[in-house]
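Listed below are the residues making up each chain.
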Amino acid sequence: MPQQRKKEHTAKGRYRWLKWMLGLFVFLAMVAAISVGGVVYYFSRDLPSLDLLGSYEPSQATRIYADDNRIIGQFFIEKRVFVPLSKMPKVLVDAILAVEDSRFYEHKGFDLIRMVKATFTNLENMKIRQGASTITQQLARSLFLTPEKTMERKFKEILLARKIEMLIKKDQILEIYLNQIYFGHGAYGVQIAARTYFGKDVGALDLAEAAFLAGLPKAPNTYSPYYHAQKAKLRQQVVLRRMVEEGFIADQQYQEADKEELKFQRLNPDADLARYFLEHVRLYLIARYGDDTVYKNGLNVYTTLNVEMQRQANLAVERGLRDLDKRQGYRGATGTYDGGEKGKVPLRPPGEEIEVGDILDGHVVQVGERFALVEAGGLKGKMIMEDMLWGAKRAKDMAEGEGPAHLEASDIVRVNDLIRVKVQRLSPDKERAYFSLEQEPLLEGAFIALSPSTGSVKAMVGGYDFKRSEFNRALHARRQPGSAFKPMIYATAIERGLTPASVIVDNPIIYADESLDKVWKPENYEEKFYGPIRLREALAHSRNLATVKLLDQVGVGNVIELAKRVGIQSPLTRDLSLALGSSGVSLLELTSAYAVFANQGTRVPPTFITKITRRNGEILEQRRIFPEPVVSKETAYVVTNMLEDVVQRGTGRKAASIGRPIAGKTGTTNEFTDAWFIGFSPHLAAGVWVGFDDNRPMGNKESGSSAALPIWISFMQAALPHFSDVPFPVPENVVHAKIDPETGLLARPEEGGGIMEVFVKGTEPKEFKSEKIAPSDFLKLDSEGNTF
C-alpha cells in the first residue's frame, strides 16, 4: 500500500511538472508571439506603401540620338533603360541567381536557411563574411529604404520583402531587380551596364560577360575592371563557380569562359563628342517639357547631328586654335614640380589607353642639348628639338640668322617644368613615347555646319573646351563679322539690277554722316586704292571703299531688309559702317544666311531636333520643313558665282585646294579682334569664328584667311568626300556674256582679252566698249538705289 501511494504521488508530481512545463511553454509561446507581433506591428507602422509596385516604372534616362540613331548622350538622375526579362539572356539571369539568391524561386521573400548559414559563417570568422539578403530583400532596400546598416532597417527589409512576394510574381520581382540595381560607373540596370562595360545591348552578352556583370552589384567600385582588374577577374571566377555548383553550366563552359579575355570599352568614349550641341538640346527640352520629364521619363530625342562630322569639327577647331595660339608664342611652363605629391602629373585615366594624338600633363625629368625626357600619363618619353622648336624663347637669335641649330632644349624647357605634351609616337608595348610641346590655347573659336536644303545642323562647336566655358559662341556670341557680311550688300545690288560686271570707283572718300559719331574715312585692308573696279573683283578681294560706296548707293535699308529675309535677326546699324560688318551677328545666323545662296535662294531655318517621342513611342513633336523662297534663284546663283571667285583667286584662295565647287567669304575686324570664314558647297554650309572673348587683338595679320579659314578647310576636306562632286546648279534665267574687264561692257569681237561673266537675264550689258569712258558713267543709280 505505501508503495502504491508512493507511485501515485510520483505520477502526480510528474503530471504537475509536465503541466507546469506545458503552461510555461504556452506562456512563452504567447509571449514570443506577442513579441513578434509587437515587433511586426512596430516596424510595420511606417512601412512605405507598395501600391505602385505592380505598375513599376523606374526613373529612366532621356536618350539623345544622332542622325544615324546612334546614342550620343543621355540626361538622367539615374542612367537606366528598362528591358523586359524576356529580352535578357538566360546566362545573365542564371549568373545573377547563382551568386545572389540561388533559392529565389523557393523562398517567400526571405531565406531562413540562408540566414542560419550566414550567421554560423560570420560567427566562425568573427566578422561579416556572408550576407543573407535575398533578391527580394535587396529590391525592397533599393526601392523603399535607405542603405544604413541598422537592425530596424533589416526588420523593415524582411517585412517589405514578404509583402512584395505576396503582391507580385517572382518573374516580375526579378525583372524589376535587374533593371533597378547599380552596376557602377553610373550604370543602373543590366542594359546600361552592358552598354557601359562592353558597348553592346544586354541581349548580346556571352557567358563570360554575363558572369562579370553578375559579380558587380555586391561592390561595384571594388570590382571595377578599370580600377581593380585583378579583383574583378577573381569575382567573375566566383560567379562562374557558383553557376557550376548550381547546375547552370558545365565545368567545360566554366573553363572556356574563364579563359576568355574580356574587352572593356573605354569609359565614356563619346562623352565629349558634342557637349555644346547636347547642352543646347537639354536647355530646349527642359524649357519645353520640364525637369521631371527630361530626367525621369525616358524621352527619345532624335537629332540632326552627324557623328563623323562632329568629330571632324572638334578636331579642326582644336588643331586650328592650337596652331594659332602657338603663333602667339610660348607662355612657359604651367608650374614647377617641387618633389611633393601635389605637383605630380596624373597617371593615365583608369580604363583609358593612351593613343597617338592625346594631350597630357607632363613633367620634364631631364634636359639634353637637343632633347628633353618627359614623364606623362604613366609613360616615359623623349621630346626632340624639332617638336618643341615653336616654343623657343630665343626667337631673336633665329631672326638674326643663327637659326634653330643654335638653340638648345634648355632655351625652351627646364628640369622639373610642368608642361603639356602631345603623344607623337608610341612604342609597341605603349610604355614609351615621343612627345611634342603643347600649351592650352587662350583663344576661343566656334564652328557650325548645316545642310542648306533641310536646315539640319550637322556639327556644332561652341568653344575650345566645354569644361572651361559652357558659353556657346556658335549660337549666343554676337561678334562683328567684318567683310563676311559683304555678300548681303552685293546680293542687294544684284537684286536691284546691278551685275558682277558693274563698275564702281575704289578711291578715298570721307563721310560726315549724322548717324556716325564723327567724320569717317574708311580704308582698304592694304591701305591702297584701286580706282574703277568691277563688283566681282571688289568682292573677291574684299575692297572696303568700293563696298562702302556700293552700300551708299543701294541703300542701307534695302540691305538690312535682305539680311533679315535670309535669316539675320540681330539688330543691324543703319549707317554705312554696315559695309564693313560693324553690327554683331551670331555664327549660326550668318552661316544659315549663306546657306540661302547655296539652296538657290530658299531659306530653311536651322534645326537641331527631328523628332521627340515618349518611351512608349508616342510622338511629342516632329520636325516639318517649310522651305521659303526669299531671294530669286538667279540672284542666289550670281552671288554664289561671285563667292566662288573669292575661293579661286581672292581672300579665300587657300580653300581652292579642296578641289570641289566651293563658295565663301573671309571676314576680319579692326585690330584683328575677330576672324571669320563662311562658305558652302552645293550640299553643305559651314562657318568658323575665332577670337578672344574679351575682344583682345589676336595678333598682327591674324585675319580670316589665316586664323579661321584653315579650320574650315580641315573640316571640309574630311566632310565633302561623303557628298557627290557636282557644280552649283545654274538657273534658266542666268546668261553668260563676254565682257571687257576694264569697263564691264561687252567686249568687241575683233579685240582680244575679253572674259566671260554671268548675268541675270535682262541685266547683261547691251553696249560695247567705247574708246573712252568717263568716271561719271560708272554705276549710275537713282535716289532709291535703282539703276537707270
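Up top is the structure these notes are about.
Calculation rules
Residues numbered from 1 in each chain as written. Predicted model: local features only at pLDDT ≥ 70, side-chain atom pairs only at ≥ 80, totals over all residues. Heavy atoms only, no water. Salt bridge = Lys/Arg side-chain N within 4 Å of Asp/Glu carboxyl O. Helix = DSSP H or I, 4+ residues; strand = E, 2+ residues; numbered from the N terminus. Buried < 20%, exposed > 50% of the residue type's maximum accessible area, 1.4 Å probe, protein only. Core = buried A, V, L, I, M, F, W, Y, C linked by side-chain atoms within 4.5 Å. Contact = heavy atoms within 4.5 Å. Pairing = 2+ DSSP bridges. Axes fitted to C-alpha atoms, helices over the stretch in contact; angles between N-to-C directions. Parallel < 35°, antiparallel > 145°, perpendicular 65-115°, else oblique. Left-handed = near helix turned anticlockwise from the far one by under 90°. Nonpolar A, V, L, I, M, F, W, Y, C, P; charged D, E, K, R; others polar. Expected span 1.5 Å × (residues − 1).

Undergrad: How do you make sense of the pattern of salt bridges when you look at a structure like this?
TA: Any two side chains of opposite charge can pair if their charged atoms end up close together. Overall, the coordinates contain 44 salt bridges when judged by the stated rule. Ionic pairing is found between Arg-282 and Glu-279, a salt bridge with its closest N-O pair at 2.8 Å. With Arg-282 and Glu-279 both in helix H11 (residues 275-289) and three residues apart, the pair spans about one turn of that helix. Of the residues examined, Glu-279 reaches a relative accessible area of 17% and is grouped as buried. Its salt-bridge partner being Glu-495, residue Arg-565 comes within 2.8 Å of it at the nearest N-O pair.

Undergrad: How should the nonpolar core be read in this particular structure?
TA: When a protein is soluble and globular, its nonpolar side chains tend to lie buried together. Phe-485, Met-488, Leu-550, Ile-568, Leu-590 and Phe-680 are the most contacted members of the largest nonpolar core, which totals 87 residues. Top contributing element to this core by residue count: helix H19 (residues 587-598), with nine residues. What Phe-680 contacts, discounting residues up to four positions off in sequence, is Tyr-594, Phe-597, Ala-598, Thr-640, Leu-643, Pro-661, Ile-662, Ala-663, Ala-685, Trp-712 and Phe-728. Phe-104, Leu-216, Val-239 and Ile-249 belong to the second-largest nonpolar core, a separate cluster that totals 54 residues.

Undergrad: What is the right way to read the pairing of strand E8 (residues 371-376) from this model?
TA: Regular strands have side chains that alternate between both faces of the sheet. Burial along E8 is one-sided: Ala-372, Val-374 and Ala-376 are buried, and none of Phe-371, Leu-373 and Glu-375, which face the opposite way, are. Taken together, the five bridges between strand E7 (residues 359-367) and E8 define a ladder with antiparallel strand orientation. Each bridged residue has a counterpart across the sheet, and for His-363 the counterpart in E8 is Glu-375. The pairing of E8 with strand E9 (residues 379-384) spans six bridges and is classified as antiparallel.

Undergrad: I keep staring at the packing of helix H7 (residues 189-198) against helix H8 (residues 207-214) and nothing clicks. Help me out?
TA: Packed helices, taken two at a time, are described by their axes: the angle between them and the distance between them. Two elements in contact, H7 and H8, have axes separated by 11 Å at closest approach and are oriented at 110 degrees. Here H8 runs roughly perpendicular to H7, going by the angle between their axes. For the crossing formed where H7 meets H8, the hand is right-handed. Of the residues in H8, those in contact with Ala-193, Ala-194, Tyr-197 and Phe-198 of H7 are Glu-209, Phe-212 and Leu-213. In terms of residue class, the contact of H7 with H8 is built from six nonpolar, no polar and one charged.

Undergrad: When you look at H11 in this model, what are you seeing that I'm missing?
TA: In an α-helix, one full turn covers 3.6 residues, which means residues spaced three or four apart are oriented alike. For H11, with 15 residues, the first-to-last C-alpha span of 21 Å sits near the 21 Å given by 1.5 Å per residue. For H11, the full list of buried residues reads Tyr-276, Phe-277, Leu-278, Glu-279, Val-281, Arg-282 and Leu-285. Buried-residue contacts for H11 involve strand E1 (62-65), strand E2 (71-75), helix H12 (291-296), strand E5 (300-303), strand E13 (457-461) and strand E17 (609-613). Of the residues trailing H11, Gly-290 is marked for its positive phi of about 95 degrees.

Undergrad: Help me out: how do you make sense of the sheet that holds E2 in this one?
TA: The strands making up a sheet are joined through hydrogen bonds of the backbone, oriented either antiparallel or parallel. Strand order in the open sheet made by the five strands is E2-E1-E5-E17-E18, with mixed pairing throughout. With one partner strand each, in any of the chains shown, E2 and strand E18 (619-622) form the two edges of the open sheet. Direction aside, the axes of adjacent strands within the sheet are offset by 15 degrees on average. Alignment of E1 against E2, held across four bridges, turns out to be antiparallel.

Undergrad: Looking at this structure, how should I read unusual backbone geometry?
TA: Excluding glycine, most residues fall at negative phi; most peptide bonds, likewise, are trans. A positive phi angle is found at Asn-416, which is not glycine, with a value near 75 degrees. Checked against the element boundaries, Asn-416 lands in the loop between helix H14 (395-399) and strand E10 (417-426). Judged by its relative accessible area of 27%, Asn-416 is partly exposed. Positive phi, close to 65 degrees, is recorded for Lys-701, a residue that is not glycine. Here Lys-701 is to be found in the loop between strand E22 (685-691) and helix H21 (704-719).

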